[in-house]
Structure formats: C-alpha cells, structure tokens
Amino acid sequence: MTQSTLLYNIGQLLTMDQYEGPVRGKDMGNLDVKENYAVLMKDGKVEKIGPSDELADTQADEKIDCQGKLVTPGLVEPHTHLVFGGSREHEMALKQQGVPYLEILKQGGGILSTVRSTRKASEEELYEKAMFHLNRMASYGITTMEAKSGYGMDKETELKQLRVAKKAGENHPLDLVSTFLGAHAITEEYKENPEALLDEMASLFDQIKEEDLAEFVDIFTETGVFTIEQSRRYLQKAKDKGFDLKMHADEIDPLGGTQLAVELGATTGDHLAVSTDEGIKQLAESDTIGVLLPGTIFYLGKGEFARARKMIEEGAAIAISTDFNPGSSVTENIQLIMSLAALKMKMTPEEIWHAVTVNAAHAINRGDEAGQIKVGRKADVVVWDATNYLYIPYHYGVNHVNTVFKAGQKLFE
Ligand code: NIG
Ligand code: FE
C-alpha cells in the first residue's frame, strides 16, 4: 500500500474546500479554480494543498506528474437503486411502442418485474451483481454513493437487499450510504389495500435501526403508487423513529411531493421534474436539497426536464445523480448525466461541478466527509484526461477518468 502520493503539475484543481454547508442558488455558479497546484496525500488523507512549484520537491512514496490535467474531488452519487435481480431489456420495445412507464407498472411489469427477479435471487447473486455495478460506478469517478432497497416489498427481500448493500459497503473501497425504499410500488398482494403494505414496511423500521441497515427512508409518491397523504403518514413514522428522509417526488405527475418533502424537513426531494412554481419556491426557501435526475427523463423519453434554472435562480441547493436502476435510468455513467444537466437543464459547468461534489455529499449526510479535497479529510480524488473542468460535460458519453484515488489508494487508472 502506498503511504504517500504527490500529485503535482495539476493544470486545474477544484478543491471545493471553502464550503461549510451545501452551496445554494447563484453561489453554485462561482467555482474556485486553482491553477498549477499540487496535492499531497498521506495515510489515506489529504496532507497538503499548495502551488506546484512550492510542493514539487516534497518527499513522497510516489510522485505523479499530472502534466496539466484537471483534478477534482471524487464524485458523490446521491441516488441509486444499486441492489436488484435481473434486468428489463424486454421492456424497451414496449416503450418504443409508446406504452407509458406507469402503464407498464400497472400491468405488473416495470418495478414489479424487478421485484420478482429480486425475490428469486440469492443474497450471493445480489451481492456479486451489486459489486459489479459498484466497480463500474467507481470507474466513472464516483468514490461515495447512496444505495436504495425497494425491489422486495416483502420483509424478507427488503432485509436481504439492505444486508447486501451493507456487506458491499464493508467490502468495497467505495463508501456506501443506505436507504430503505420499501414503499416503492404496490405489489399484487396489496392492490386493494396499499395502507397495509405501508404498515408492513413500517414494521421493519425498528429492526433496520437495530441492525444499522439504513440511514434514510424513501417513498415513491406518484399516481398509481402512493398518495401524498399516505406518504406523509409513512414518512412521519420514519422520522419519529429517527430516520432521515428522501422522496421520489413529482417525477411524472405534479402531486405536490416537492412541498411534502419540504414540509417534513426531508434531506432531499428527488426527481422534481414536474415541480410546480409553488413547489420550487418552497424548496428554495428550505434546507431540502433538490436531487435532479435528467438521465431518467431522457431514458423515459419525456420532454419535461426539471426546471433547474428556476430552482437555482430562486436559491435552491441542487445535486444531480444517475438514478441508476434497471428500468428508468440504466447507466452508471455520471459523466453522461453531467452532459445532460448542461444540455437539457441548462445548468452551467460551474453549477454541475457543485452538484456532483459538495451538494451531492450533503444530499446523503456526508457533507463533512466527501465531496471536497480538504486537508485532514479522506483523500478521495480524481485525475481526469482533460485540462479543464468545462471539458467533462462537453465531450459526452465517454469516460474521462484517468485515475481514481479512494482514501489515497489508486482504484482505477
Ligand atoms: O427513480 N420512480 C421510481 N423508481 C425509480 C425507477 C425504478 C425502476 O423502474 O426500476 C426511479 O425512476
Ligand atoms: Fe430513483
């Protein structure tokens, strides 16, 4: 294991180290770019940051000449459905014929198809698959990420998914943060009585706490899934048990999930593709972070992307994410999502870099650990095959990672 590594001749360095909290509104547009810098990593942590000509002679086990490359914090991915069985490529033809996502779900496909595969899969199979996707996430520059359950919706399978995520987090170099999404769809058994499904899922809260299986509770609030009233009751119970909250809110129909996320003091409201003006106003005045998922809107073939410009102009803190899952956004490529954020939501490159680092870290309660290159913190650092930060969203669809360091150790190069 390399104890110390010096990265020098860094063309552009983004440290994001001036922030104490999430970055809001117009501040997301100001990026501090350090030119010709060096970073010394020692014993897994950031030891020194300074001008390259001052640090170039520092002793280190390994010295890497970055030759003018861009260096940033390891990226943070705040919303994934990492653990699932099977895949749903057979649904692509249905989508092409114009069958809507919620209609496929209503017919027992979509999320419910993945529920069947996940129930059948063994813990070992799910674990191997999760590790495969985690490796791919890391290869795109992600060093910390969130993982949701939600393809069991029976007690046994939800716990199986959460245990798989926990084990993956313990064994993989990436840091994982777990979310319980037992309220993700209405299964056949509960069609006539969704409240009973919510009660069943809520009956797991104590055990999840005891086994330390999740920090967050999430729900899919949507037409044909859970209503605003059901979501409010369920999430309030979770909050009373000490969970932090997330919501799949205002993804397809504007039910007012954005406002509910704010009302309940949720850490994040996710999707927000069809948030109303009132929803955006409330979000901007709250501490709830908006997690926008343009890959999902693109993949579902919908025209309406989240109104990131309005959210930022009104003062909200925004993060972005892949929403990696087997149905509505089948990609681990966060760099592609950065391009979509630019092209489809008109976010500036400066805003986008805040959205994948510092703000994404706060979106999963890791603001004091991840998303910044800061002296004393874990050395999660990416060296890019690019000379400047504008280049990553610009050159789309490919992987620009040169080297990923997790806690000072090379993960990919
Ligand atoms: O964030 N909207 C609900 N859940 C996921 C999709 C899950 C799936 O289709 O398997 C989402 O889009
Ligand atoms: Fe999702």
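- For the chain, the name recorded in an unreviewed UniProt entry is Imidazolonepropionase, with Filobacillus milosensis as its organism.
- Under Pathway (unreviewed entry), UniProt gives the following word-for-word description of the chain: "Amino-acid degradation; L-histidine degradation into L-glutamate; N-formimidoyl-L-glutamate from L-histidine: step 3/3."
- According to the UniProt record, the Catalytic activity (unreviewed entry) comment for the chain is "4-imidazolone-5-propanoate + H2O = N-formimidoyl-L-glutamate".

### Regarding the site of ligand 1
Then comes step 1: Around ligand 1 sit 13 residues, and of these I111, F220, N325, G327 and S328 come closest.
Then comes step 2: Here the shell around ligand 1 is built from residues that sort into three nonpolar, eight polar and two charged.

### Observations concerning helix α4 (residues 111-120)
Side chains three or four residues apart in an α-helix point the same way, a direct result of the helix having 3.6 residues per turn.
Then comes step 1: Regarding α4, the residues found buried are I111, S113, T114, V115 and T118.
Then comes step 2: In this fold, the buried residues of α4 make contact with α3 (101-106) and α6 (155-171).

### Describing helix α14 (residues 334-345)
Then comes step 1: When you tally the buried positions in α14, you get 10 out of 12 residues, the bulk of the element.
Then comes step 2: Among the residues of α14, I334, Q335, L336, I337, M338, S339, L340, A341, A342 and M345 are the ones counted as buried.

### What about the pairing of strand β2 (residues 34-42)?
Then comes step 1: The sheet contact formed by strand β1 (residues 4-13) and β2 spans seven bridges and is antiparallel. Counted as the bridge partner of T5 is M41 from β2.
Then comes step 2: Here six bridges tie β2 to strand β3 (residues 45-51), and the two strands are oriented antiparallel to one another. Within β3, the residue paired with A38 across the bridge is G50.
Then comes step 3: The loop that links β2 with its antiparallel partner β3 comprises two residues; one of these, D43, has a positive phi angle of about 50°.

### Section: the sheet that holds strand β6 (residues 75-77)
Then comes step 1: Within the open sheet, the eight strands sit side by side as β6-β7-β8-β9-β10-β11-β12-β13. Their pairing is parallel. Every other strand in the sheet has two partners, leaving β6 and β13 (318-320) as the edge strands with one partner each. Neighbour to neighbour, the strand axes of the sheet diverge by 20° on average, direction disregarded.
Then comes step 2: Here four bridges tie strand β10 (residues 244-249) to strand β11 (residues 268-271), and the two strands are oriented parallel to one another. Opposite A249, over in β11, you have H271 as the bridge partner.
Then comes step 3: The sheet contacts of helix α9 (residues 228-240) involve β8 (175-183), β9 (216-219) and β10, and relative to β9 the element is tilted by about 175°.

Rules used throughout
- Residues numbered from 1 in each chain as written.
- Chains lettered and ligands numbered in written order.
- Predicted model: local features only at pLDDT ≥ 70, side-chain atom pairs only at ≥ 80, totals over all residues.
- UniProt positions renumbered as here; feature names shortened; annotations may be inferred.
- Near = placed C-beta within 6 Å.
- Nonpolar A, V, L, I, M, F, W, Y, C, P; charged D, E, K, R; others polar.
- Buried ≥ 20, exposed ≤ 12 C-beta atoms within 10 Å, placed from the backbone.
- Helix = DSSP H or I, 4+ residues; strand = E, 2+ residues; numbered from the N terminus.
- Contact = placed C-beta atoms within 7 Å.
- Pairing = 2+ DSSP bridges.
- Axes fitted to C-alpha atoms, helices over the stretch in contact; angles between N-to-C directions.

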